[in-house]
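Next come the chains, spelled out residue by residue.
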Amino acid sequence: MQSKRSAFTLIELLVVISIIALLIGILLPALGAARAGARNAKCKSRQHQIGIMENAFVADQKEHIVPMQRLQNGIEKSWRAQLWEYGNEEPDVFDCPDGEASPPPNRPDLPNEFYADNAFIAGQLDPNETNLPSGIGAVNVHYSVATALSPHGRGEWAGYTYGNPTAIMSQADEPSNTISFGDGNSSSAADGTYHLFAEDRFWIYGDGATRTGPGFDRTLTFGGAGEVGLLRHSKGKVANYVYLDGHVSSEDATEIVCDADRCQWDLQKDPH
């Protein structure tokens, strides 16, 4: 009596392969979304840490909010270098979304923006530190009509004879509604090139023409191409922002308020 065959037929193998391919096709988008969510969570965690570091700086420096730049011993330091010791000297905290020297896998078109690769050598500040790329920038928008200035000044306290004075935390009407930091920087366009303030890659400047008109619409930057920081976490124009009280929120960049009556980064105007 002949034994029954146990091997699969060609048709059965093709069916199994088709089912596996179908399952992979279903699962891959979900896995991609999960990875993107994880990167966003990591970015928010780092930005929250920056908010804590800033408030620790305020406590140590007689209420001074960390200056945009500070001149010490003839070297210009960005806000990152000033907060360096408050983050256990870990440069990765200034990078977003990952501390790796490559764009996220789902956005290979984005430029590399990783401060950790070049910021410090044996704990010593690089004199060109302000030029180094970073995925997180401080808000540096000046709307002179509304006298809406960035919370990150310079001025005499920071070692300069010019520039907006360094802000004091007690000047903030509502720290929980005042933007301090956010995704991206002012030199990184969505197409991967650098245009605006390439020598100061540690701040966010809005649309680049906000001194005499309202605006924080970063989608208009670089002729409408938008900033890389607006493309990191979604297909829209959503970025993560750190507020002066240290909390982090995801906001649509086109809805950040700035007009003659209020700007969300202004210390002394009602930001509602």
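Note: the structure precedes this text.
Rules of the game
- Residues numbered from 1 in each chain as written.
- Predicted model: local features only at pLDDT ≥ 70, side-chain atom pairs only at ≥ 80, totals over all residues.
- Heavy atoms only, no water.
- Helix = DSSP H or I, 4+ residues; strand = E, 2+ residues; numbered from the N terminus.
- Buried < 20%, exposed > 50% of the residue type's maximum accessible area, 1.4 Å probe, protein only.
- Contact = heavy atoms within 4.5 Å.
- Areas by Shrake-Rupley, 256 points an atom, 1.4 Å probe, with all protein chains shown as cover.
- Core = buried A, V, L, I, M, F, W, Y, C linked by side-chain atoms within 4.5 Å.
- Pairing = 2+ DSSP bridges.
- Polar contact = N/O pair within 3.5 Å; in protein donor to acceptor, adjacent residues only side chain to side chain.
- Salt bridge = Lys/Arg side-chain N within 4 Å of Asp/Glu carboxyl O.

1. As for the overall build of the protein chain
Counting secondary structure elements, the protein chain contains two helices and nine strands. Ordered by position from the N terminus, the helices and strands of the protein chain form the series α-β-β-α-β-β-β-β-β-β-β. In the protein chain, which comprises 272 residues, the proportion classed as buried is 46%. Pairs at least 24 residues apart make up 65% of the contacts formed inside the protein chain by residues separated by at least 6 positions. About 13300 Å² of surface is accessible on the protein chain, with carbon and sulfur atoms providing 54% of the total.

2. Structural notes on the environment of Ala-239
With respect to the element layout, Ala-239 can be found in strand β8 (residues 238-243). The sequence separation of Ala-239 and Gly-229 amounts to ten residues, and the corresponding C-alpha distance is 6.6 Å. Once you skip the residues sitting within four places of it in the chain, Ala-239 turns out to touch Asp-183, Arg-218, Gly-229, Leu-230, Ser-249, Ser-250 and Glu-251.

3. A look at the nonpolar core
Membership of the largest hydrophobic core comes to 26 residues, with the highest contact counts inside it found for Ile-50, Trp-79, Leu-83, Phe-94, Phe-120 and Phe-181. Here the element with the most residues in this core is helix α1 (residues 10-60); it accounts for four residues. Aside from chain neighbours lying at most four places away, what touches Phe-181 is Ile-50, Glu-54, Val-66, Trp-79, Ile-136, Gly-137, Ala-138, Val-139, His-152, Asn-240, Tyr-241 and Val-242. Within the second largest apolar cluster, 15 residues are counted, among which are Val-141, Ile-179, Tyr-241 and Ile-256.

4. Some words on the sheet that holds strand β7 (residues 203-204)
Overall, mixed pairing links the five strands, which are arranged β7-β5-β6-β8-β9 in an open sheet. Every interior strand has two partners, whereas the edge strands, β7 and β9 (248-252), have only one. As defined by bridge partners, strand β5 (residues 136-139) adjoins strand β6 (residues 179-183) across three bridges and the pair is classed as antiparallel. The residue bridging Ile-136 from the neighbouring strand is Asp-183, located in β6.

5. Re the side chain of Thr-130
Tracing the backbone through its elements, the reader meets Thr-130 in the loop between β4 (124-125) and β5. A distance of 3.4 Å separates a polar atom in the side chain of Thr-130 from a polar atom in the side chain of Asn-131.

6. Here we look at unusual backbone geometry
Look at Asn-88: it is not a glycine, yet its phi comes out positive at around 60°. In this structure, Asn-88 sits in the loop between α2 (79-82) and β3 (120-121). For Asn-88, a relative accessible area of 65% translates into the label exposed. You will see that Glu-89, though not glycine, has its phi angle at about 55°, which is positive. Note that Glu-89 resides in the loop between α2 and β3.

7. Considering the pairing of β8
Burial within β8 is extensive, with five of its six residues counted as buried. Direction of pairing for β6 relative to β8: antiparallel, over a ladder of three bridges. Within β8, the position partnered with Ile-179 by the bridge is Tyr-243. Bridge count for β8 against β9 is five bridges, and the pairing is antiparallel. Residue pairing in the sheet places Tyr-241 in a bridge with Ser-249 of β9. Where β8 folds back onto β9 in an antiparallel hairpin, the turn is made up of four residues, including Gly-246, whose phi is positive at roughly 105°.

8. Some details on the pattern of salt bridges
Under the definition given, this model contains one salt bridge. Glu-129 is the partner of Arg-80 in a salt bridge, and the nearest nitrogen-oxygen pair spans 3.2 Å. Taken together, the residues span a long stretch of sequence, with Arg-80 in helix α2 and Glu-129 in the loop between β4 and β5 at a distance of 49 residues. Classification of Arg-80 by relative accessible area gives buried; the value is 0%. Accessibility expressed as a relative area gives 0% for Glu-129, which makes it buried.

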